[in-house]
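Listed below are the residues making up each chain.
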Amino acid sequence: MNNNFFYIIMDSCRYDSFMRAKTPNMDRIGEAEKRYSFATWTAPSHFTYLMGQTPHTSPRRVFASEVYKEEFAKWMDRLGTPNLSFKTFVPHLSLPKVLKDLGYYNNAMVSMPVLNELTVLNRNFDDYRLMEDHNDFGGMVERVDLSKSGGSFYFLNLGETHYPYMLKDAQLPRISGLHGVAKGMDDLLTRSSETPTEEPEFFSKREMDDLNAQQVRCVEHVDAILGDLISKCPDNTYFIITADHGELFGEDDYFGHGPIMHEKCMEVPYLEGFRPL
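A brief look at the structure comes next. (Residues numbered from 1 in each chain as written. Predicted model: local features only at pLDDT ≥ 70, side-chain atom pairs only at ≥ 80, totals over all residues. Heavy atoms only, no water.)

### Here's the deal with the pattern of salt bridges
Phase 1 of the analysis: Evaluated as defined, the whole model comprises 15 salt bridges.
Phase 2 of the analysis: For the salt bridge of Glu71 with Arg78, the shortest nitrogen-to-oxygen distance reads 2.8 Å.
Phase 3 of the analysis: The exposure class of Glu71 is buried, given its relative accessible area of 6%.
Phase 4 of the analysis: For Arg78, a relative accessible area of 1% translates into the label buried. (Salt bridge = Lys/Arg side-chain N within 4 Å of Asp/Glu carboxyl O. Buried < 20%, exposed > 50% of the residue type's maximum accessible area, 1.4 Å probe, protein only.)

Okay, here's the thing in structure tokens:
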């Protein structure tokens, strides 16, 4: 019997924000550790995870190919399915494809528009949806249905830990990601070069610290809702909980993530384990 499986990504959640948070439900699943993302922004990081990879530990004196093979081999224990290996993933290099072939019903619920259902990430999913609300982990949990006989896979991208960190009513500048930039590109290109554009004012040190503290509170909010999800799951449910990348809160004059090369953009929390009894 296949294990039900949840791959939960807290978007933009940096490792030390997670470690500052009180996470009793996640602690019941597994001990969190520091790992490193393969990318500094949402889309390529999620693509990597859907290839069957997880954030890495940056081991020294090893060949990358050995790291990849060891990671793929772990899926046997996670899914309760023998005889999985790197060869199982070739040539598609697609975790949803492997799970579909094993009889899983594949679901994805995402918060970030850059992951919308028209992207290549939707391949091999039976149900893939962009949530209407940026902060709706609770709505995702309500939609979870684990009645499928072949097991269910849920790939969840959570927007609560992404800017503006659930501060809907706060007077914060509108900062677009790639999707938002692309939507406004036509207007930008047709605007006269002589028309001045307003640049958002950079945050002060105090504002940066406040935003960082708010991300910690968002992790705690996610953890509370996770308790509701755990209560819906049978014992043979496996969880991976991580982030797609970190976030900068003023370190070295950086804010956010994306076209930034900084260790705080790469450090992410990682934990995994079966549903706690």
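### Digging into the environment of Pro113
Phase 1 of the analysis: Among the secondary structure elements, Pro113 is positioned in the loop between strand S3 (105-110) and strand S4 (127-130).
Phase 2 of the analysis: Residue class for Pro113 comes out partly exposed when judged on its relative accessible area of 31%.
Phase 3 of the analysis: The spacing of Pro113 and Ala43 is 70 residues in sequence and 9.9 Å in space, taken between C-alpha atoms. (Helix = DSSP H or I, 4+ residues; strand = E, 2+ residues; numbered from the N terminus.)

### Focus on the sheet that holds S3
Phase 1 of the analysis: Taken together, the seven strands give an open sheet; going across it, the order is S2-S9-S6-S1-S5-S3-S4, and neighbouring strands pair in mixed fashion. Edge positions in the open sheet fall to strand S2 (33-36) and S4, since each of these has one partner strand only. Adjacent strand axes in the sheet meet at a mean angle of 15° when their direction is disregarded.
Phase 2 of the analysis: As paired elements, strand S6 (residues 237-242) and strand S9 (residues 267-274) share five bridges and run antiparallel to each other. Within S9, the position partnered with Phe239 by the bridge is Gly273.
Phase 3 of the analysis: In this fold helix H3 (residues 42-50) packs onto strand S1 (4-10), strand S5 (152-158) and S6, with an angle of close to 165° to the strand it touches most, S5. (Pairing = 2+ DSSP bridges. Axes fitted to C-alpha atoms, helices over the stretch in contact; angles between N-to-C directions. Contact = heavy atoms within 4.5 Å.)

### Quick notes on the side chain of Gln214
Phase 1 of the analysis: Position of Gln214 relative to the elements: it lies in helix H11 (residues 205-232).
Phase 2 of the analysis: On the accessibility criterion, Gln214 (12% relative accessible area) is buried.
Phase 3 of the analysis: Those residues in contact with Gln214 that lie beyond four places of it in its chain are Tyr165, Met166 and Leu167.

### Observations concerning H3
Phase 1 of the analysis: Here H3 lies mainly inside the structure; seven of its nine residues are buried.
Phase 2 of the analysis: Turning to H3, its buried residues are Thr42, Ala43, Ser45, His46, Thr48, Tyr49 and Leu50.
Phase 3 of the analysis: For H3, the elements touching its buried residues are S1, helix H7 (95-101), S5 and S6.

### Points about the pairing of S5
Working note: regular strand, side chains alternate between the two faces of the sheet.
Phase 1 of the analysis: S5 sits mainly inside the fold: seven of its seven residues count as buried.
Phase 2 of the analysis: Residues of S5 alternate between two faces, with Ser152, Tyr154, Leu156 and Leu158 on one and Phe153, Phe155 and Asn157 on the opposite face, all of them buried.
Phase 3 of the analysis: In terms of strand pairing, S1 meets S5 through six bridges, oriented parallel. Paired with Phe6 across the bridge in S5 is Tyr154.

### Some thoughts on the environment of Asn116
Phase 1 of the analysis: Structurally, Asn116 can be placed in the loop between S3 and S4.
Phase 2 of the analysis: Exposure remark for Asn116: the relative accessible area of 16% places this residue in the buried category.
Phase 3 of the analysis: Taking the C-alpha atoms as reference points, Asn116 and Met131, separated by 15 residues in sequence, lie 9.1 Å from one another.
Phase 4 of the analysis: For Asn116, the side chain forms a polar contact with the main-chain oxygen of Pro113, separated by 2.9 Å. (Polar contact = N/O pair within 3.5 Å; in protein donor to acceptor, adjacent residues only side chain to side chain.)

### Looking at the state of the cysteines
Phase 1 of the analysis: Here the structure, examined in full by the defined rule, presents zero disulfides.
Phase 2 of the analysis: Free cysteine Cys13: the closest other cysteine sulfur is in Cys218, separated by 9.2 Å. (Disulfide = S-S within 2.5 Å.)

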